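Below, each chain spelled out in residue letters.
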Amino acid sequence: RAITMTTKNIRALVIGIIISLVALYFALRNVDFSALWGSVTSADPIWMAVVLVSYMVHYWLKAIRWRDLLEPVKCVTTGQAYPVMMSGFFANNILPAHLGEFVRMYVGSKVFLVSKTQVLATIVLERILDFSMIALLFGGALVTGGALSNQLVYAGYMLLGITLLVWLMIFISLRYEQSMPRFIGWFLKPLPDRFAERLLEMLVLALSALHSMKSVRLIVRSVGLSFLQWALVGLAVFAALQSVGVDIGMAVALVTLAATVLAVALPAAPGFFGTIQLAFVLALVPYGVTESDALAGSVIFHITSYGYVMVSGVIVLNQLNLRISDLSQGVDQV
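All values reported here derive from a predicted model rather than from experimental measurement. (Residues numbered from 1 in each chain as written. Predicted model: local features only at pLDDT ≥ 70, side-chain atom pairs only at ≥ 80, totals over all residues. Heavy atoms only, no water.)

### Some details on the overall build of the protein
Put simply, the rule reads: Only DSSP runs of H or I covering at least 4 residues are called helices, and only runs of E covering at least 2 are called strands; the numbering of each starts at the N terminus. In this scheme, a residue with accessible area under 20% of its type's maximum is buried, one over 50% is exposed, and one in between is partly exposed, where area comes from a 1.4 Å probe on protein chains only. Whether two residues touch is decided by their heavy atoms; if any such pair falls within 4.5 Å, the residues are in contact. For the accessible areas, the method is Shrake-Rupley and the probe is 1.4 Å, while residue cover comes only from the protein chains on display.
When its secondary structure is counted, the protein shows 14 helices and zero strands. Secondary structure of the protein in N-to-C order comes out as α-α-α-α-α-α-α-α-α-α-α-α-α-α. Relative to its 334 residues, the protein shows a buried fraction of 49%. The long-range share in the protein, meaning contacts at least 24 apart out of those at least 6 apart in sequence, stands at 73%. Just so you have it, the protein exposes about 15,700 Å², and 69% of that area is on carbon and sulfur atoms.

So, in structure tokens, the structure goes:
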């Protein structure tokens, strides 16, 4: 059967398409299309290969980290975790509103024979780890040379401090497991009730996954893997820009990475087209990069990563004996 979506998800798709079109308009409005075409078609294949290899290793490290996060729930190998994980990323490229996370929850529950809630808890914890590492890399980039003003340097120090504070709270929560949900709920009181309840639910899920690990070794290992995999994506951004002749430092590449992660978090159209392109333009133009060159770098970065996920997705669905239409059962979980 075809993939089915609820009215809410169809609405999210429409909103996402609108956001992507608006982002694409602002990304393209000052672009020299002949220069863009020339940059993309003459991109250095060696640097393009660096982009691809960086992404391949990035996703393998993500699979190792997910295997570790699943260890308290179910012992699986990296080879077992990888196809289930990639099925979710593949679904994110064809479905709106990050529904691929729910597809991974469904497929993981079915393949690993554990509850959907247990799988979802590890995915939420993944997101906390990811955003923590992005914050650290972004803050470090601002402090060490990616900032345009002293105010941004101060913001970098603040971002580093907030990230470390969050992790301090997480480690404290390991000691005071029972009282943390109540404390988090009190902290979220100023937020709108519905949003606060949803956020509390996600945080409690993540903490439950963290508590279940009960191992400093696993936590430290997960943090280290998170840092390595996002450093590799920063390298992919750097390599994509180098491939079209944009010579920037690694700090600026990390600033661009942070902007890209924020763009991907938006409810854009499937595949995140438009928002990633605008992120590159907004991040790089202040550093003297032309709109055309910034957009060319984004095309190399985006097409390489998108293509890798799509090809991998088709392969892993075959390994898991799933069809694209089967992903609708994951969508139905929303």
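More follows now that the structure is in view.
### Observations regarding a nonpolar patch on the surface
Our working rule: Here the term patch refers to residues with relative accessible area over 30% and no salt bridge, with like charges joined within 9 Å and nonpolar side chains (Val, Leu, Ile, Met, Phe, Trp, Tyr) within 5 Å. Any carboxyl oxygen of Asp or Glu within 4 Å of a side-chain nitrogen of Lys or Arg constitutes a salt bridge here.
Where nonpolar side chains cluster on the molecular surface, the patch consists of Ile10, Val14, Ile18, Val22, Tyr25 and Phe26 and spans about 550 Å² of accessible area. Within the secondary structure, Phe26 is located in helix α1 (residues 7-28).

### Observations concerning the nonpolar core
To keep it simple, the criterion reads: Here, nonpolar core refers to any group of buried Ala, Val, Leu, Ile, Met, Phe, Trp, Tyr and Cys residues whose side-chain atoms link them within 4.5 Å.
The biggest cluster of nonpolar side chains holds 83 residues, and the ones touching the most others in it are Tyr59, Trp66, Met86, Ile248 and Phe301. Sorting elements by how many residues they give to this core places helix α6 (residues 116-146) first, with 11 residues.

### Section: the pattern of salt bridges
Under the criterion given, the structure shown has 10 salt bridges. The closest approach of N and O atoms between Lys62 and Asp130, which form a salt bridge, is 3.4 Å. Highlighted residues: Lys62 in helix α3 (residues 45-70) and Asp130 in helix α6, separated in sequence by 68 residues. Its relative accessible area of 2% is what places Lys62 among the buried residues. The exposure class assigned to Asp130 is buried, which follows from its relative accessible area of 5%.

### With respect to unusual backbone geometry
In this structure, Leu113 is a non-glycine residue whose phi angle is positive, near 60°. Within the fold, Leu113 resides in the loop between α5 (100-112) and α6. One non-glycine residue, Asn321, lies in the positive phi region at around 60°. Tracing the backbone through its elements, the reader meets Asn321 in the loop between α13 (291-319) and α14 (328-331).

### Concerning the side chain of Thr304
Position of Thr304 relative to the elements: it lies in helix α13. Look past the residues within four positions of Thr304 in its chain and what remains in contact with it is Val51, Leu52 and Val299.

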